[in-house]
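What follows is the residue order along each chain.
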Amino acid sequence: MEKLQYSYESVLVVSVKGGEEGIAKVVDYFKGVIERHATLDSVDEWGKRSLAYEINKETEGYYVLYNFTSDADFPAELDRRYKITDGVLRSLIIKKEA
């Protein structure tokens, strides 16, 4: 039986402490994770922005929006990886309305 596919969007805020190389490493890592487990529709890099409040003594973050289609199990795994990856300040995964 084929699993149902859903559309999701995920916003990731990456620490700027690692410099451009560190940011690119995290962005590319998650791009690869999503491509392996889902269909990556788009990656929109919003760039460096001021945070609304300080997180881990940082006032700026690098924002990235991933749009992807996957089965219902994958977002939980993606969220788990966000939480254990160095350089990720905040993340959000939202299921889009059909």
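Details of the structure are given in the entry above.
Source: prediction; values computed, not measured.

1. Some points on the packing of helix α1 (residues 19-37) against helix α2 (residues 74-84)
Next up, step 1: Where α1 contacts α2, the two axes come as close as 11 Å, and the packing angle between them is 160°. On the basis of the axis angle, α1 is roughly antiparallel to α2. Viewed along their axes, α1 and α2 form a crossing whose handedness is right-handed. Contact residues: α1 offers Y29, F30, V33, I34, R36 and H37, while α2 offers F74, L78, R81 and Y82.
Next up, step 2: Here the contact of α1 with α2 is built from residues that sort into seven nonpolar, one polar and two charged.

2. A word on α2
Next up, step 1: The complete set of buried residues in α2 reads F74, P75, L78, R81 and Y82. The arc that holds the buried residues of α2, viewed along the axis, is 120°, so those residues lie on one side. Looking at α2, the residues exposed on the side facing more than 90 degrees away from the buried face are A76, K83 and I84.
Next up, step 2: Elements that come into contact with the buried residues of α2 comprise β1 (6-15), α1, β3 (58-70) and β4 (88-95).

3. Quick notes on the packing of aromatic side chains
Next up, step 1: According to the stated counting rule, one finds five aromatic pairs in the structure shown.
Next up, step 2: With centroids separated by 4.9 Å and ring planes inclined at 75°, the aromatic side chains of Y29 and F30 adopt a geometry described as edge-to-face.
Next up, step 3: According to the relative accessible area criterion, F30 is buried, its value standing at 0%.
Next up, step 4: For the pair W46 and Y63, a centre-to-centre distance of 6.4 Å together with 20° between the ring planes defines the contact as stacked. Pair noted here: W46 is in strand β2 (residues 39-55) and Y63 is in strand β3, with a separation of 17 residues, a long-range link.
Next up, step 5: Three or more aromatic residues joined by ring pairs make a cluster, and in this case those are Y8, F68 and F74.
Next up, step 6: Cation over ring: K95 sits above Y6, and NZ or CZ is 3.9 Å from the ring centre.

4. Considering the pattern of salt bridges
Next up, step 1: Under the defined criterion, the tally for this structure stands at three salt bridges.
Next up, step 2: Linked by salt bridges that have partners in common, E77, R80 and R81 make up one network.

5. A short note on the nonpolar core
Next up, step 1: L12, F30, I34, Y66, F68 and L78 are the most contacted members of the largest nonpolar core, which totals 19 residues.
Next up, step 2: Put simply, the parts of the chain that give this core at least two residues each are β1, α1, β3 and α2.
Next up, step 3: Among the elements that make up this core, the one with the highest residue count is α1 (six residues).

Rules behind the numbers
Residues numbered from 1 in each chain as written. Predicted model: local features only at pLDDT ≥ 70, side-chain atom pairs only at ≥ 80, totals over all residues. Heavy atoms only, no water. Axes fitted to C-alpha atoms, helices over the stretch in contact; angles between N-to-C directions. Helix = DSSP H or I, 4+ residues; strand = E, 2+ residues; numbered from the N terminus. Parallel < 35°, antiparallel > 145°, perpendicular 65-115°, else oblique. Left-handed = near helix turned anticlockwise from the far one by under 90°. Contact = heavy atoms within 4.5 Å. Nonpolar A, V, L, I, M, F, W, Y, C, P; charged D, E, K, R; others polar. Buried < 20%, exposed > 50% of the residue type's maximum accessible area, 1.4 Å probe, protein only. Arc of directions from axis to C-beta. Phe/Tyr/Trp six-rings, centres within 6.5 Å; stacked < 30°, edge-to-face > 60°. Lys NZ or Arg CZ within 6 Å of the ring centre and 35° of its normal. Salt bridge = Lys/Arg side-chain N within 4 Å of Asp/Glu carboxyl O. Core = buried A, V, L, I, M, F, W, Y, C linked by side-chain atoms within 4.5 Å.

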